[in-house]
Amino acid sequence: MNIVAEQPWLWAGLGAYLVATLVAMWGVSPRSENSALVANKTHEKLVLGFIVLGVLLLTVAIAARWIRIGHGPWISLFELLMSQVWSLGLIFAVLYWKLPGLRPSTVIVMPVMWILGSWVLLLEPGISHFPATYYNVWKWSHVGLGKIFLALLLAGVGLGGVMILRTTERGRTWFRAMPSDAVIDKLAWRMMMLALVFDSLMLIAGAVWAQDAWGRYWAWDSLETSAFLTWIFLAIGLHVRLTYKIKPWVSGAIIIGVFIMAFSTYFGIPYISTSAHKGMV
Amino acid sequence: MLRRLASLKFTLVGMVLLAGGAALSYGNPVETSVWVLIVPLALLALNLAAAIVTNPRINRQPGLLVFHICLLATVLLAGLGRLTHLDAHLEIAQNEVFSTDTLQEVKKGPWHSGNLDKIQFIQGTYTVNYAKGLKRGLTHSEVFLPGLGGATVVQIVGDDRPLILERYRFYTTHNKGFVPILTWLPNQGEPVTGRINMPAYPLYDYKQDNSWIPSGTKEEIKFWLQLQTGMTMDEAWVLDGRNATGTLVVTSGGKRTELEPGDEVSLEHGRLRFESLTTWMGYRVFYDPTIQWLFWVTVVGVFGLTHFFWVKLNLVPWMDEGDERGSKV
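Residues numbered from 1 in each chain as written. Chains lettered and ligands numbered in written order. Predicted model: local features only at pLDDT ≥ 70, side-chain atom pairs only at ≥ 80, totals over all residues.

Undergrad: So what exactly am I meant to see when it comes to the overall build of chain B here?
TA: Along the backbone of chain B there are 6 helices and 15 strands. Against the compact-globule benchmark of 20 Å for 329 residues, chain B has a radius of gyration of 29 Å, which places it well outside the compact range. Referenced to the eigenvectors of the C-alpha coordinate spread, the extents of chain B come out at roughly 90 × 45 × 45 Å. With 329 residues in all, chain B has 27% of them scored as buried. (Helix = DSSP H or I, 4+ residues; strand = E, 2+ residues; numbered from the N terminus. Rg over C-alpha atoms; globule rule 2.2 N^0.38 Å. Buried ≥ 20, exposed ≤ 12 C-beta atoms within 10 Å, placed from the backbone.)

Undergrad: Please explain the sheet that holds strand S3 (residues 122-131) of chain B as it appears in this structure.
TA: Working definition: the strands of a sheet are paired by backbone hydrogen bonds and lie parallel or antiparallel to each other. All names here are of chain B. A sheet is described by the order of its strands in space; here 4 strands give the open sequence S5-S4-S3-S11, paired in antiparallel fashion. For this open sheet the edge positions go to strand S5 (152-157) and strand S11 (237-240), each flanked by a neighbour on one side alone. Strand-to-strand twist across the sheet, computed as the mean angle between neighbouring axes with direction ignored, equals 15°. Here 4 bridges tie S3 to S11, and the two strands are oriented antiparallel to one another. In the sheet register, Thr127 faces S11, and the bridge partner there is Asp240. (Pairing = 2+ DSSP bridges. Axes fitted to C-alpha atoms, helices over the stretch in contact; angles between N-to-C directions.)

Undergrad: For this particular structure, what's the right way to read the interface of chain A and chain B?
TA: Frequently, the measure chosen for interface size is the accessible area that the parts lose on association. Counting residues at the interface gives 45 residues for chain A, matched by 42 residues for chain B. Of all the secondary structure elements, the ones that give two or more residues to the side of chain A that touches chain B are helix H8 (181-214) and helix H9 (222-243) of chain A. Classifying every residue of the side of chain A that touches chain B by side-chain character gives 26 nonpolar, 13 polar and 6 charged. (Contact = placed C-beta atoms within 7 Å. Nonpolar A, V, L, I, M, F, W, Y, C, P; charged D, E, K, R; others polar.)

Undergrad: Any chance you could explain helix H5 (residues 62-84) of chain B here in plain terms?
TA: Think of an α-helix as 3.6 residues a turn; residues three or four steps apart then line up on the same face. Residues and elements named next belong to chain B. Between its terminal C-alpha atoms H5 stretches 32 Å, which fits the 33 Å expected from 23 residues at 1.5 Å a residue. Three or more residues of H5 are buried, namely Leu64, Phe67, His68, Cys70, Leu71, Leu72 and Leu77. Contacts from the buried residues of H5 go to helix H3 (35-54), helix H4 (56-59) and helix H6 (291-315). (Expected span 1.5 Å × (residues − 1).)

Undergrad: Mind showing me how you'd approach the confidence of the model for chain A here?
TA: A low pLDDT means the predicted coordinates there should not be read in detail. Of all residues in chain A, 95% attain a pLDDT of 70 or more, and the chain-wide mean is 92. Per-element confidence in chain A is highest for helix H3 (residues 42-69) of chain A, whose mean pLDDT is 97, and lowest for helix H11 (residues 269-272) of chain A, whose mean pLDDT is 68. (pLDDT = per-residue confidence, 0-100.)

Undergrad: It is not clear to me how the pairing of strand S10 (residues 221-228) of chain B should be interpreted in this structure. Could you clarify?
TA: Residues in a regular strand point their side chains to alternate faces of the sheet. All names here are of chain B. Looking at chain direction, strand S9 (residues 209-212) and S10 are connected through 4 bridges and run antiparallel. Across the sheet, Ser211 pairs through a bridge with Lys222, a residue of S10. One ladder, built from 7 bridges, connects S10 with strand S12 (residues 245-252); its direction is antiparallel. Bridging across to S12, Gln226 finds its partner in Thr247.

Undergrad: Please explain the domain arrangement of chain B as it appears in this structure.
TA: All names here are of chain B. Taken domain by domain, chain B comprises domain 1 (2-85 + 300-315), domain 2 (87-175) and domain 3 (179-231 + 242-277). Here domain 1 and domain 2 have C-alpha centroids that lie 36 Å from each other. With 4 residues of domain 1 at the interface, the matching set in domain 2 holds 6 residues. Across the side of domain 1 that touches domain 2, the residue classes break down as 1 nonpolar, 2 polar and 1 charged. (Domains from an automatic or database assignment.)

Dropping the structure here:
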């Protein structure tokens, strides 16, 4: 097996994420309650530190691959997953730093990143071809906005997961340090509102790119259909919350449902469909 | 009545129907009627219009009002776009003048009324870069446009840089190939010069063939083009018609002849001369007068939504118990 330039950095970055996850898990565990590290919140600094370290190592991994193959992480599933693990970590680190109330939800957020991280470890880091349509500058805004959208959704999933787990005794113990369900629910839906803004902007940028790349701004291909369904599910979720007094766990389930749709749009549909769009060509 | 129409429950029903319609529209299947989208969109447009008029949560908050008006305008513009659009394909040979007669697979809305017949350009040469493994890269297609005072303006288009004339957009496609230019000199009548487009290249490298029946005869003439283009899978390569040569194999009435440019062959009803080898480029033609409007309306709408969230998120601290539901914002 040949090890290519980016792989050691990728493994190291994922390793740092793993340490962050373990420290976060230890932090919510009842066994750590009497620990000085937890009492004075030092463990939260450690979690943030390891996430930031992971992001830095993944930045080097992406740069090493970019130099090796001559283009950014836009094309293959290996590249997309690696770049998503990087951007999700980066944006979550900012949220973790600015919003102390969501910090214990790291134990839900980081394992989702780990699904992506484990997946990327199973893939071949082969060289991908850079299609002509990818020289378009709208690619940058489309991809960048999509990354922010998914990261906000993931933060919402962390909070939604907390609301669901708090229906159990163990969940209430783990997340004892977090604010009430009402506050978490509000925070989670603020993430969803911001996600709607970035999702909308991503769709607009994608439509402009599609017009340039394929000569039409919308054609109901597999990825476009799935992306539109994600947008409408998000809009439905926001309107359900406006219309009905829903229980926190239902609220969490809606958020997770929207995330599953978005996840399949990013990492499923482009690689199982045979349409021309296919996310890459 | 308007208040009932503006109900949020009605909005939810419309959204669920739209999600169903979108799922059914996946891949634009022929068996799915466009009404699966039109009906929910019409319901949502009515609901939205009523909500804009009657719902103070919307019409008293500038950001939300702008967003919902823009959402309504987006639906109307998209509908208008479909009614006025044109989609077509075009295969145009080098040195050929664009003509509306050459458009293929034309699909247009009932209100389409563009100035397609005013478009003038002549196709020039093109190059297409291929990476190792015959992976297509950038296309550079040369077109000649009439300039001021009878001058000719050269423009290079390709991939995401369309030729835009009279708001029609001509996009190069992967579909391009070679064209033998032929002159048919019938035993009786005037000579005719024309072209036989060969299948797309290098996609159909293995079957560069076509056939033609001269007017007034039943004699089918089969053509097979043997190309030398330098194409290789092993390294990067540039498809350039100027560097290509070809031998045209003509088969008719059991007679097989190989022709180089300038050669001719005598057949039962006349003589056929292989004048030269040139290229053709396939374009996708797109016209939708609403696209710029759609872009700006959607952008303004999202900025309206951003303004609304900005105000809302600043009113209630992020980690407070404050209830955001209903009108307590």
